[in-house]
Structure formats: C-alpha cells, structure tokens
Amino acid sequence: MDQELLTIDALTVREGSRDLVAEASFSLARGECVGLIGPNGAGKTTLMRAALGLQRAQGLSSLTLLPPEERARQVAFLPQNRDVAWPVSVRDLVSLGLLPARGIGLHVPQTVAERVEAILAEMELTALADRAATSLSGGELARVMMARLLVQDTPLVIADEPAASLDPAQQIALMDRLRSVADAGRGVLVSLHDLGLAARYCTRLLAMKAGRIVADGAPMDVLTPEVLADVFQIRAQMIDTSDGLILHPVALTGRGG
Ligand SMILES: Nc1ncnc2c1ncn2[C@@H]1O[C@H](COP(=O)(O)OP(=O)(O)OP(=O)(O)O)[C@@H](O)[C@H]1O
C-alpha cells in the first residue's frame, strides 16, 4: 500500500509581485496528523487551497494530478469559510458531504443514510439533526461542518482552522477525533492557532512564515524558542505533563515578557 497520501513539491502561489506561498515542499504519509501553524497571513489557507487545486499555483501537488471524482474520493476538505446560504437541515448538510458517493438527486441510499445518522450520533448532533443549519450557534455549526468532513471517510482529511469557535471541551474532542483518523492509518493536515493543541495532538508540525515553510518536524523540534520568537514573536512556557505537553505563550517583551 502506498504510504504517501500527499506530495507537494516547490508549490508557489504568486499574486502580483508577492509569493503568498513560496516553494513549499513536503509529503504527508498514512498515520500522520500534520499541524500547519503560523501567524495570521502566513499562507496556511493559500497552501491548503493550492494543494487541493482550488487555487492556481506553480509546482506540484499530487492531488491536482487526480481527476475530480478520484480527488473527491481521496480527500475531504473543511474550508475556513463556514457560511451556510440556505436554511438546509443539519442532516441534509452532513449528507451533502457524501455527494461524490451518493450522486446528485433526492434519493439517499440506505447505506448513506445510516452513515449520516452514525456520524450525527458520534458528533452529538442527533438532537440538532432537523434544525436549520442557519439557526445554529457558531460552535454548533463548526461541529456540523466537522461531521460533514468526517462522514466522507476519505484517506486524507484537510481542515482549515477546525478548532475556531469551539469551546475547550469540544476542541479536545475535535483533536482526539483528528488524531484517531491518523492513528487508523489515514492522514490529516490541519491548520491550528492553538500551539498547545498542535503540540499535544499532532505527530508533526509545519511552521509557515511569510509564505515559506520554515520548520518541519516533530512538535518538540519545531516549537523551539528560536522558531517561536522568529515565526510568532512569542516565547512560551512549556510543561511536560502526564496529559501531554502544556504550552503557554507569552509576549517576547512587555507584560509576561
Ligand atoms: N487573492 C489574493 N490577493 C492578494 N492577497 C491575497 C489573496 N489571497 C490571500 N492573500 C494574502 O495572502 C496572505 C496569506 O493569506 P492566507 O489566508 O493564506 O493566510 P493564513 O496563514 O491562512 O492566515 P490566517 O491565520 O489569518 O487565516 C495574506 O496576507 C492575505 O492577505
């Protein structure tokens, strides 16, 4: 079985005279939960979209070599923009994730319906299944979008800031789920702003600064004082506990600095 789920080679996204993503290269193998970290505007979303073929780029992404139907079976994507334009029910919204599997039409095959109910239950969304998605709170909608992502059961999952707007318990549940996707032999690429979650749950981190991947490795090898200062302009207190690494960011200077 091919272990590589994604290969990116010298991927570059140019806008005018600026490289939003500059010569990004990495591979992602089965079993990996790769956290993409970096400050606002570093290029994380642009890199993910270019890797998926949603944004024009130079260089190689193995996903863009696949025909559209095969790409849809290979990768599921959670975009940062979670706007829902119509008052579609939660159940239907999650079911839409399976469009490549079920085809367009009103008829939902029994196996697809069962899978949707199972993921709704797993994500504690059964009670909300008949609610209009437009009536949900931000955190509830984030969980629905996660359910729509996970229902697809693709070898590769790409999620852009899935932890945004979730409460602490839901953030932990989300990261547990993403990690178990990787532990089951699939692969995850996830952008995160919470460096503590990234350190505890990711098997590997990619740090981006101004469009470039400037560090790639195990969390402890990436979250060094040098990288934290250079990429994030912070330092951090790190405590190794039985619950995993606790990382508390503080400013380089000033209060707490
Ligand atoms: N179409 C565009 N034209 C010009 N600049 C763009 C375009 N799209 C994105 N950018 C710029 O590219 C940079 C990278 O944006 P991107 O959304 O990839 O960053 P990010 O790391 O995901 O940031 P955040 O953490 O804030 O979501 C930003 O400075 C953004 O303003």
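The name given to the protein in an unreviewed UniProt entry is ABC transporter, and the organism recorded there is Pararhodobacter oceanensis. Recorded in UniProt for the protein, the comment headed Function (unreviewed entry) runs: "Part of the ABC transporter complex HmuTUV involved in hemin import. Responsible for energy coupling to the transport system."

**A look at the site of the ligand**
Every residue close to the ligand is listed here: E15, L20, G38, N40, G41, A42, G43, K44, T45 and T46. Take the shell around the ligand: its biggest share by element is three residues, from helix 1 (residues 44–52). For the shell around the ligand, the class distribution of residues is two nonpolar, six polar and two charged.

**Things to note about the environment of T126**
Among the secondary structure elements, T126 is positioned in the loop between helix 5 (110–122) and helix 6 (138–150). When the C-alpha positions of T126 and L78 are compared, they lie 21 Å apart, and in sequence the two are 48 residues distant. Those residues in contact with T126 that lie beyond four places of it in its chain are L120 and A121.

**A closer look at the environment of S165**
Tracing the chain through its elements places S165 in the loop between strand 6 (156–160) and helix 7 (168–183). Along the sequence, S165 and G138 sit 27 residues apart, while their C-alpha atoms lie 6.2 Å from each other. Among all residues touching S165, those that are not within four sequence positions of it are G138, G139 and A142.

**So, the confidence of the model for the protein**
Per-residue pLDDT for the protein has a mean of 92; in total, 94% of the residues score no lower than 70. Overall fold confidence for the complex sits at a pTM of 0.94, while the interface term, ipTM, reaches 0.97.

Reading the values: the criteria
- Residues numbered from 1 in each chain as written.
- Predicted model: local features only at pLDDT ≥ 70, side-chain atom pairs only at ≥ 80, totals over all residues.
- UniProt positions renumbered as here; feature names shortened; annotations may be inferred.
- Near = placed C-beta within 6 Å.
- Helix = DSSP H or I, 4+ residues; strand = E, 2+ residues; numbered from the N terminus.
- Nonpolar A, V, L, I, M, F, W, Y, C, P; charged D, E, K, R; others polar.
- Contact = placed C-beta atoms within 7 Å.
- pLDDT = per-residue confidence, 0-100.

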